[in-house]
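One-letter residues, chain by chain:
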Amino acid sequence: MNYRGVFFDFDYTLGDSTDAIAQGYRAGFAALGLPKPTVEQVRTTVGYQLGDGYTLLTGDRDEGRRQTFAHQFHITVGTQATGAGRRLMIEGTRLLPGAAELLSALKGAGVRTAIVSTKPGATIRQIFAHQGHLELLDLVVGGDEVSRNKPDPEGLRLALDKLGLTAGEILFCGDTVIDAATARAGGCDFCAVLNGTTPAGAFRDYPHVHIAGDLPGLQSWLNL
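First, a word on scope: everything that follows refers to the structure included in this document.

Parameters at a glance
- Counting of residues starts from 1 at the beginning of each chain's written sequence and follows it residue by residue.
- Given that the model is predicted, a residue must reach a pLDDT of at least 70 before its local features are reported, and side-chain atom pairs must reach 80 or more before they are shown or counted; all residues, however, enter totals for whole chains, interfaces and linings.
- Excluded from the side-chain calculation are hydrogens and water; included are all heavy atoms of the structure.
- Each residue gets one of three labels from its accessible area relative to the maximum for its type: buried under 20%, exposed over 50%, partly exposed in between, using a 1.4 Å probe on protein chains only.
- Strands here mean DSSP runs of E at least two residues long; helices mean DSSP runs of H or I at least four residues long; both are numbered from the N terminus.
- Here, any two strands with at least 2 DSSP bridges between them count as paired.
- When the strands point away from the viewer and the path from the first strand over the helix to the second turns clockwise, the crossover is right-handed.
- Points on a 1 Å grid, built from protein atoms alone, make a cavity when a 1.4 Å probe fits but cannot get out and make a pocket when they are open with protein on both sides within 12 Å along at least 5 of 7 lines; residues with an atom within 4 Å of a point are the lining residues.
- Grid points are joined across faces, edges and corners, and a volume is the space filled by probe spheres set on the points.
- Side-chain classes are defined by residue name, with Ala, Val, Leu, Ile, Met, Phe, Trp, Tyr, Cys and Pro counting as nonpolar, Asp, Glu, Lys and Arg as charged, and the others, Gly among them, as polar.
- Helix span, expected: 1.5 Å multiplied by one less than the number of residues in the helix.
- It is the directions from the helix axis to the C-beta atoms that the arc portrays.
- Residue contacts are counted whenever heavy atoms from the two residues lie within 4.5 Å of one another.
- N or O atoms within 3.5 Å of each other form a polar contact, as long as, within protein, one can give a hydrogen and the other can take it, and as long as residues adjacent in sequence are counted only when both atoms are side-chain atoms.
- The criterion is simple. A nonpolar core is a set of buried Ala, Val, Leu, Ile, Met, Phe, Trp, Tyr and Cys residues joined through side-chain atoms within 4.5 Å.
- Whenever a helix is involved, its axis is fitted only over the stretch in contact; in every case the axis is a line through C-alpha atoms, and angles between N-to-C directions fall within 0 to 180 degrees.
- Stacked, edge-to-face and tilted are the three classes for Phe, Tyr and Trp ring pairs, Trp counted by its six-membered ring, which pair at centre distances within 6.5 Å; planes under 30 degrees apart are stacked, over 60 edge-to-face, the rest tilted.

Quick word on the pairing of strand β7 (residues 189–193)
Most of β7 sits inside the fold, with four of its five residues counted as buried. Sheet topology places strand β6 (residues 170–174) next to β7; four bridges connect them, and they run parallel. Bridge pairing links Phe 172 to Phe 190 in β7. In this region the chain leaves β6, passes through helix α9 (residues 177–186) and returns to the parallel neighbour β7; the handedness of that crossover is right-handed. In terms of strand pairing, β7 meets strand β8 (residues 210–212) through three bridges, oriented parallel. Each bridged residue has a counterpart across the sheet, and for Ala 192 the counterpart in β8 is Ile 211.

Here's the deal with the layout of surface pockets
Here the largest pocket is characterised by a volume of approximately 570 Å³. For the largest pocket, the lining is made up of 30 residues, of which Gln 49, Leu 50, His 74, Thr 118 and Pro 120 are closest to its centre. Looking at the lining of the largest pocket, the elements with two or more residues in it are α1 (18–31), α3 (50–58), α4 (63–76) and α5 (84–91). A total of seven residues in the lining of the largest pocket trace back to one element, the largest contributor, which is α4. Class assignment of the residues belonging to the lining of the largest pocket gives a composition of 10 nonpolar, 13 polar and seven charged.

A word on α4
Across its 14 residues, α4 extends 20 Å between first and last C-alpha, which sits within 8% of the 20 Å expected from 1.5 Å per residue. Turning to α4, its buried residues are Arg 66, Phe 69, Ala 70, Phe 73 and Thr 76. Angularly, the buried residues of α4 cover 130° about the axis, an arc narrow enough to put them on a single face. Buried residues along α4 sit against α1, α3 and α5. If you check the start of α4, you find a side-chain oxygen 3.2 Å away from the backbone N of Gly 64, and it comes from Asp 62.

Concerning the nonpolar core
Core analysis: the biggest nonpolar cluster contains 44 residues, and Phe 8, Leu 14, Phe 128 and Leu 218 have the highest contact counts within it. The leading source of residues in this core is α1, at five residues. The contacts of Phe 8, once residues within four sequence positions are left out, are Thr 13, Leu 14, Leu 102, Leu 103, Leu 106, Ala 114, Ile 115, Val 116, Phe 172, Cys 173 and Leu 218. Counting residues in hydrophobic clusters, the runner-up holds 20 residues, among them Leu 139, Ala 180, Phe 190 and Ala 192.

Examining the sheet that holds β7
The strand order β5-β4-β1-β6-β7-β8 describes an open sheet built from six strands, whose pairing is parallel. What marks the edges here is a single partner per strand, and that holds for β5 (139–141) and β8. Between one strand and the next, the sheet's axes are offset by a mean angle of 25°, whatever the strand orientation. Sitting on the sheet, helix α6 (residues 99–108) is in contact with β1 (5–8) and β4 (112–116), with an inclination near 155° to β1.

So, the pairing of β6
For β6, the buried fraction is high: five of the five residues fall into the buried class. The alternating pattern of β6 places Ile 170, Phe 172 and Gly 174 and Leu 171 and Cys 173 on opposite faces, both of which are buried.

Overview of the packing of aromatic side chains
Per the stated rule, a full pass over the model turns up eight aromatic pairs. A ring pair is formed by Tyr 25 and Phe 29, whose centres lie 6.3 Å apart and whose planes are at 40°; its orientation type is tilted. Taken together, the positions of Tyr 25 and Phe 29, both in helix α1 and four residues apart, correspond to about one turn of that helix. Exposure remark for Tyr 25: the relative accessible area of 1% places this residue in the buried category. The class of Phe 29 is buried, set by a relative accessible area of 4%. Ring geometry for Phe 190 against Phe 203: centres 5.9 Å apart, planes inclined by 35°, an arrangement best described as tilted.

Structure, rendered in structure tokens:
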């Protein structure tokens, strides 16, 4: 493998927080008097910022209602939540098959690893700590730790700077066209991982070096 670093999105790339995200969406919709969305509807929003996910499902672009939705989400399962809702987000999130094995193999090969996600950084670190795998990550850059979220490459460039790498030395892996657009804007190679709801054909118009069906497939392609 020729990369000095492999960076990842989190949701539906390395992990699955569907149950917690769906609970947060349902609470946010209920607060606005809207019918609760189905799990499958919520799955299509994963990877978007909360306000954008709300608009995607409702068509409502009113900023006040978007903020009300996001606030309700955060106090239900997000960074402002306590009790069962927060435990569901941290303890109920599962790492996808092959995630720990791939990260361990990268670490063993001396390759730097980072997560660049719209999910809050503290949440991702807590999830990995709960799983006992935090030591497999060199860096996490969450959506709350940048001023501009993906597909703006700010988070990607911050991770490169912190790890002393250049865009040409890393591979960015994600499950959505937002991730593909981020890699393109940041000038790095991109690999799609089909763990989410985005089909392979959606990446046709974005530069990519590989499309992996899952994380074991990505590990095999990387010769690890």
